[in-house]
Amino acid sequence: MAAVDLSQFTDLPDTSAMGIVDAMVAEHERILQEADRLEQMSLAFMVEGSFDAEEYRQVIRFVREYSDAAHHCKEEDVLYDYMLKHLGRVAENLIQHGMLVEHDLGRNAVRNLDAAVSAFEQNPEADSKLEIISWGMEYVHLIRRHVEKENTVVYPFARRALGDDVLDELTLQAREYVPQV
């Protein structure tokens, strides 16, 4: 595994002075911008037939390296890990049977989108085009629902259940987190 170079991505939020929850919410905003971009690319591909494999690969790279390695893995290794160890069944149900499952579903959608882009490059047929649009939109819809749940359920639960001292400690851990791919 190697450390992710986040400098390749534009318009990332400056979360250096934010607590862990506020930082995660700010990161969500940037992730949703990329989901909007993927939706627009899918629409243009469907309607106009415009396809740029490199642009799709840029989105895939962003999702894998920023959304997943820098955001989801940090969430899993820092915030969710603590919640699972200290907040009992409610956290277990919410995180293990909800959020972590959705993280894996997102990884699967991106893996399939990547494969579909490669397949279309090799053989630009309608079925490959459909796969690109389908997997792209699978990810878009999934991440939008996921962000909504985290912002309105998971993070408020964490704020209520964890004291300021714990959140401060988790913030320090999150700031030191080095994303890996």
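This text follows the structure it describes.
Q: Hey, could you run me through the overall build of the chain in this one?
A: Counting its regular elements, the chain contains five helices and zero strands. Shown N-terminal to C-terminal, the secondary structure of the chain runs as helices and strands in the order α-α-α-α-α. In terms of C-alpha radius of gyration, the chain reaches 17 Å, essentially the compact-globule figure of 16 Å for 181 residues. For the chain, the spread of C-alpha atoms along the three principal axes comes to 55 × 35 × 30 Å. Each of the 181 residues in the chain was classed as buried or not, and the buried ones make up 43%. At a minimum sequence separation of 6, the contacts of the chain that also span at least 24 residues come to 79%. Averaged over its 17 positive side-chain charges, the chain has a centre that lies 3 Å from the centre of its 35 negative ones.

Q: Looking at this model, I keep getting lost on the environment of L113. Mind explaining?
A: Following the sequence through the fold, L113 ends up in helix α3 (residues 88-122). When neighbours within four sequence positions are excluded, L113 is seen to be in contact with L38, Y56, I60, I132, W135 and G136.

Q: Even after reading the chapter, I still don't get the packing of helix α1 (residues 20-48) against helix α2 (residues 53-86), so can you show me in this structure?
A: Packed helices, taken two at a time, are described by the angle their axes make and the gap between the axes. Interaxial distance between α1 and α2 falls to 11 Å at its minimum, and their mutual angle equals 155 degrees. In terms of orientation, α1 lies roughly antiparallel with respect to α2. The way α1 lies across α2 gives a crossing that is left-handed. When its residues are assigned to classes, the contact of α1 with α2 shows 13 nonpolar, five polar and seven charged.

Q: I would appreciate a short explanation of the nonpolar core in the present structure.
A: Within soluble globular proteins, side chains that are nonpolar generally end up buried alongside one another. Membership of the largest hydrophobic core comes to 28 residues, with the highest contact counts inside it found for L38, Y56, L113, V117, I132 and Y139. Of all the secondary-structure elements, those providing two or more residues to this core are α1, α2, α3 and α4 (126-161). With eight residues, α2 is the largest single contributor of residues to this core. Non-local contacts of L38, meaning those with residues more than four positions away in its chain, are made with Y56, V59, L113, G136, Y139 and V140. Counting 18 residues, the second-largest nonpolar core is a separate cluster that includes L79, Y155, A158 and L162.

Q: So what exactly am I meant to see when it comes to the environment of E150 here?
A: Among the structural elements, E150 can be located in helix α4. When its relative accessible area of 0% is taken as the criterion, E150 is described as buried. In this structure, the C-alpha to C-alpha distance between E150 and L12, residues 138 residues apart in sequence, is 19 Å. Not counting the four nearest positions on each side in its chain, E150 is found in contact with H28, H71, E75, Y80, M99, H103, Y155 and P156. Among the polar contacts made by the side chain of E150, one reaches the side chain of Y80 at a distance of 2.4 Å.

Q: What should I look at first to understand the layout of surface pockets in this one?
A: Counted as a void, the largest pocket has a volume near 350 Å³. Along the wall of the largest pocket there are 20 residues; nearest its centre are T15, E27, K74, A174 and R175. Sorting the residues of the lining of the largest pocket by element identifies α1, α2 and α5 (164-176) as the ones contributing at least two each. With four residues, the top contributor of residues to the lining of the largest pocket is α1. Among the residues forming the lining of the largest pocket, the class breakdown is 12 nonpolar, four polar and four charged.

Q: Would you explain a nonpolar patch on the surface in this entry?
A: On the surface, L43, M46 and V47 cluster together into a nonpolar patch covering about 290 Å² of accessible area. Checked against the element boundaries, V47 lands in helix α1.

Q: Before we go on, may I ask you to explain the packing of aromatic side chains in this structure?
A: Applying the stated criterion across every chain yields a total of seven aromatic pairs. With a centroid separation of 4.7 Å and 65 degrees between ring planes, the pair formed by F51 and F120 is classed as edge-to-face. Highlighted residues: F51 in the loop between α1 and α2 and F120 in helix α3, separated in sequence by 69 residues. Given a relative accessible area of 11%, F120 falls into the buried group. Residues F62 and Y66 carry aromatic rings whose centres are separated by 5.1 Å and whose planes lie at 35 degrees to one another, so their mutual orientation is tilted. Note that F62 and Y66 are positioned in helix α2 at a spacing of four residues, about one turn of the helix. We classify F62 as buried; its relative accessible area is 1%.

Rules used throughout
Residues numbered from 1 in each chain as written. Predicted model: local features only at pLDDT ≥ 70, side-chain atom pairs only at ≥ 80, totals over all residues. Heavy atoms only, no water. Helix = DSSP H or I, 4+ residues; strand = E, 2+ residues; numbered from the N terminus. Rg over C-alpha atoms; globule rule 2.2 N^0.38 Å. Buried < 20%, exposed > 50% of the residue type's maximum accessible area, 1.4 Å probe, protein only. Contact = heavy atoms within 4.5 Å. Lys, Arg positive; Asp, Glu negative; His and termini not counted. Charge placed at Lys NZ, Arg CZ, Asp CG, Glu CD. Axes fitted to C-alpha atoms, helices over the stretch in contact; angles between N-to-C directions. Parallel < 35°, antiparallel > 145°, perpendicular 65-115°, else oblique. Left-handed = near helix turned anticlockwise from the far one by under 90°. Nonpolar A, V, L, I, M, F, W, Y, C, P; charged D, E, K, R; others polar. Core = buried A, V, L, I, M, F, W, Y, C linked by side-chain atoms within 4.5 Å. Polar contact = N/O pair within 3.5 Å; in protein donor to acceptor, adjacent residues only side chain to side chain. 1 Å grid on protein atoms, 1.4 Å probe; cavity = no way out; pocket = protein on both sides within 12 Å on 5 of 7 lines; lining within 4 Å. Points joined across faces, edges and corners; volume = space filled by probe spheres on them. Patch = residues over 30% accessible without salt bridge, like charges linked within 9 Å, V, L, I, M, F, W, Y side chains within 5 Å. Areas by Shrake-Rupley, 256 points an atom, 1.4 Å probe, with all protein chains shown as cover. Salt bridge = Lys/Arg side-chain N within 4 Å of Asp/Glu carboxyl O. Phe/Tyr/Trp six-rings, centres within 6.5 Å; stacked < 30°, edge-to-face > 60°.

Structural measurements only, silent on function.
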